[in-house]
Amino acid sequence: MERLRSVLSGLVVFLIVVSVSFGETFRGKVVDVIIDKRDIATGRLVSEKVQYLSTLDGKIYRIENLNNIKYKYVVVEGYLIDDSRIYVISYKPDYVSNALLVEPVSTTGEQRLLVALFNYQDDTSEPVDIATLQDYIEDDANSVENFYKENSYDQVYFTVSYYDWRTLPKNAADYYYTSDPLTALLNDSVALLDDDVDFTQYDRLVFVYSKIYGAYWDGMGTIGAWNVNTNDGTVNVSILWVNWKNVDAHSDPDDPSLWPKFVFAHEIGHNFSFWHASSIECPSADGYVPKSFIFPDVDNCS
């Protein structure tokens, strides 16, 4: 028995050494994504934080084992699980990369939005049209743009380009079974648009999907911007994913425009680098995101 324990201990050490020896060094910016969804059991709105590493060469990796890195720019020692996920062994602040990475997108003045709609090989339905989205985002008296104009004292305004429905190269479920559906959807969406879009002309990408298989959330947005590779080079843009099937299902029949406007306005707020307002109730926990942004569990702050 003692010999068996010794052998097992040696095997564990060997595996650790092998893992570390295959580690790589990555440098880049840590980007938070807030996933806003409804709890299936209670129906309450809840949120989850996921962290990604946006590298200097425009690659994006989901950080598999951590979501509490507090440095904006880091040097990471770790290894790739696959082409979209990284396991972090250790990290430290990177003071050199700050000058090399693109400056954050401005949150005042003109906000250049690209709104594009996507469906799938096995479901080419088009559940919302551009005219409706334009009304919600720009034209209605209670539009998302007017909300930001009012709350910024006219320091923010939108210029928006719309791209009608395009069909992604995979079936809806195929994205769910990838290692990271978010980046898979993002990469294929950018590729579909790349021949027709100059991504350097935009600050914010708003991608509306007819549905997102297996997702219980309505929308999610990056906290600030990501570096994204395009045919036009690496661009620094914020990203908003919209799951239209859920947005439509949660809309009020008496005012079907209200919930979509809320989702767009809320997620664009994350793109502007805003956390949930209830997070300020937790000053002792830097970067804290409550499980519910309507009824934050303040006791978790201690």
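Only a predicted model underlies this, so the values are computations on that prediction, with no experimental measurement involved.

Now for unusual backbone geometry. Leaving glycine out, the prevailing phi sign among residues is negative, and the prevailing peptide bond configuration is trans. One non-glycine residue, Asp 154, lies in the positive phi region at around 60°. Topologically, Asp 154 is positioned in the loop between helix 4 (144-151) and strand 7 (156-167). One non-glycine residue, Ser 273, adopts positive backbone phi at about 80°. Counting through the fold element by element, Ser 273 comes out in the segment after helix 8 (258-271). In this structure Ser 273 comes out as partly exposed when scored by relative accessible area, which is 41%.

Take the pattern of salt bridges next. Evaluation of the coordinates by the stated rule reveals 10 salt bridges. Of the charged contacts, one joins Asp 180 and Arg 62 as a salt bridge, the two residues approaching to 3.4 Å between their closest N and O atoms. Here the residue Asp 180 occupies a position in the loop between helix 5 (172-176) and helix 6 (181-193), and Arg 62 occupies one in strand 3 (residues 60-63), the gap between them amounting to 118 residues. With relative accessibility at 25%, the residue Arg 62 sits in the partly exposed group.

To continue, consider the nonpolar core. Counting residues in each nonpolar core, the largest one holds 36 residues, and the members touching the most others are Leu 114, Phe 207 and Trp 226. With 6 residues, helix 6 is the largest single contributor of residues to this core. Beyond its immediate sequence surroundings of up to four residues, Phe 207 is in contact with Leu 114, Ala 116, Phe 118, Leu 186, Ser 189, Val 190, Leu 193, Leu 240, Trp 241 and Val 242. Counting 28 residues, the second largest nonpolar core, distinct from the first, contains Val 128, Ile 130, Val 206 and Val 247.

This part takes up helix 8. Over its 14 residues, helix 8 runs 20 Å from end to end, which matches the ideal 20 Å to within 8%, given 1.5 Å per residue. Of all the 14 residues making up helix 8, 12 are buried; the element is thus mostly covered by neighbouring parts of the structure. If you check which residues of helix 8 are buried, you get Trp 259, Pro 260, Lys 261, Val 263, Phe 264, Ala 265, His 266, Glu 267, Ile 268, Gly 269, His 270 and Asn 271. Phi for Ser 273, located one or two positions after helix 8, is positive at around 80°.

Conventions and cut-offs
- Residues numbered from 1 in each chain as written.
- Predicted model: local features only at pLDDT ≥ 70, side-chain atom pairs only at ≥ 80, totals over all residues.
- Heavy atoms only, no water.
- Helix = DSSP H or I, 4+ residues; strand = E, 2+ residues; numbered from the N terminus.
- Buried < 20%, exposed > 50% of the residue type's maximum accessible area, 1.4 Å probe, protein only.
- Salt bridge = Lys/Arg side-chain N within 4 Å of Asp/Glu carboxyl O.
- Core = buried A, V, L, I, M, F, W, Y, C linked by side-chain atoms within 4.5 Å.
- Contact = heavy atoms within 4.5 Å.
- Expected span 1.5 Å × (residues − 1).

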